[in-house]
Amino acid sequence: MALQVTSAVLEILRREAALAYPRECCGFLLGAGNHVDEAKPARNIHPQPESYFEIDPQNLVDAHRAARSGGPQVLGYYHSHPVGPREPSTTDRAAAAHDDRVWAIVTGEGDVTFWRDDETGFVMLPYAVDHG
C-alpha cells in the first residue's frame, strides 16, 4: 500500500530544505496509519550540519510527548541532502534504528523520496499525494 502524503507536507519539506541550504534540515513526519498529514521542523544540532543531521533531543521528547497526549503520531523523520543522493546515505544507514519508521529525504533540487526503516534496512516507499 502506498504512503499517503499531503501536498502541504511536500511543500514544507521543500521549503525547509531550501531555507536550510547548504545545511541539512530535519524534522518529524506526523499523522496516523499510512497518512502523513504534517511535517514539523526540528533543530539540527549536529556540529557539521552541512553533511549530517541530528534532531534536537528536546524536540524529539516534545514530539513524542504530544503524540502520547492525543496529538498526531510520530510516523517518522525527514532530512535533506543538500548535495547528496535521494536515497539514504551510508551515515543514514549506520544511524538507522530499524524501527519501521518512515524517513523522507529531500534533495537540493527539491526531489522527495520516502523510505521505511525496517529490520532489513531501508526500503523505498511509493507514495500518493493527497491534494485535499
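Up top is the structure these notes are about.
Source: prediction; values computed, not measured. (Residues numbered from 1 in each chain as written. Predicted model: local features only at pLDDT ≥ 70, side-chain atom pairs only at ≥ 80, totals over all residues. Heavy atoms only, no water.)

Visitor: Summarise the overall build of the chain; cite the residues concerned and give the values.
Guide: Each helix and strand in the chain was counted, giving three helices and eight strands. When its helices and strands are written in sequence order, the chain yields β-α-β-β-α-β-α-β-β-β-β. In terms of overall size, the chain behaves like a compact globule, its C-alpha atoms giving a radius of gyration of 14 Å where 132 residues would be expected to give roughly 14 Å. Considered along the principal axes of its C-alpha atoms, the chain spans approximately 35 × 30 × 30 Å. Sequence separation of 24 or more characterises 59% of the internal contacts of the chain that already satisfy a separation of 6 or more. Once the 11 positive and 19 negative side-chain charges of the chain are each reduced to a mean point, those two points are 4 Å apart. (Helix = DSSP H or I, 4+ residues; strand = E, 2+ residues; numbered from the N terminus. Rg over C-alpha atoms; globule rule 2.2 N^0.38 Å. Contact = heavy atoms within 4.5 Å. Lys, Arg positive; Asp, Glu negative; His and termini not counted. Charge placed at Lys NZ, Arg CZ, Asp CG, Glu CD.)

Visitor: Could you give me a rundown of helix H2 (residues 57-68), with the residues and numbers involved?
Guide: Taking 1.5 Å of rise per residue, twelve residues should cover 16 Å, and H2 covers 17 Å from first to last C-alpha, within 8% of that figure. Backbone nitrogen of Gln58 and a side-chain oxygen of the N-cap are separated by 2.8 Å at the start of H2; the cap is Asp56. One or two residues past the end of H2 sits Gly70, with phi positive at roughly 105°. (Expected span 1.5 Å × (residues − 1). Polar contact = N/O pair within 3.5 Å; in protein donor to acceptor, adjacent residues only side chain to side chain.)

Visitor: Please provide a residue-by-residue account of the state of the cysteines, values included.
Guide: With the rule as written, the count across this model stands at zero disulfides. As a non-bridged cysteine, Cys26 has Cys25 as the owner of its nearest cysteine sulfur, 6.9 Å distant. Residue Cys26 is classed as buried on the basis of its relative accessible area of 2%. (Disulfide = S-S within 2.5 Å. Buried < 20%, exposed > 50% of the residue type's maximum accessible area, 1.4 Å probe, protein only.)

Visitor: I'd love a proper account of the sheet that holds strand S4 (residues 73-81), names of residues and values included.
Guide: What the eight strands build is an open sheet, ordered S7-S6-S5-S4-S2-S3-S1-S8; its pairing is mixed. Edge strands, defined here as strands with exactly one partner in the open sheet, are strand S7 (121-125) and strand S8 (127-130). For this sheet, the mean angle separating the axes of adjacent strands, direction not counted, is 35°. In the sheet, strand S2 (residues 26-32) pairs with S4 via six bridges, with the strands oriented antiparallel. Counterpart to Phe28 in the pairing with S4 is Tyr77. Relative to the sheet, H2 contacts S2, strand S3 (35-42), S4 and strand S5 (101-107), its axis offset from that of S4 by approximately 150°. (Pairing = 2+ DSSP bridges. Axes fitted to C-alpha atoms, helices over the stretch in contact; angles between N-to-C directions.)

Visitor: Run through the packing of aromatic side chains, naming residues and quoting values.
Guide: This structure, assessed with the given rule, holds four aromatic pairs. Taking the centre distance of 4.8 Å and the plane angle of 75° together, the rings of Trp103 and Phe122 count as edge-to-face. You can see Trp103 sitting in strand S5 and its partner Phe122 sitting in strand S7, a full 19 residues away along the chain. Considered together, Trp103 and Phe122 belong to a single accessibility category, that of buried residues. Here the aromatic residues Phe53, Trp103 and Phe122 are joined through ring pairs into a cluster of three or more. (Phe/Tyr/Trp six-rings, centres within 6.5 Å; stacked < 30°, edge-to-face > 60°.)

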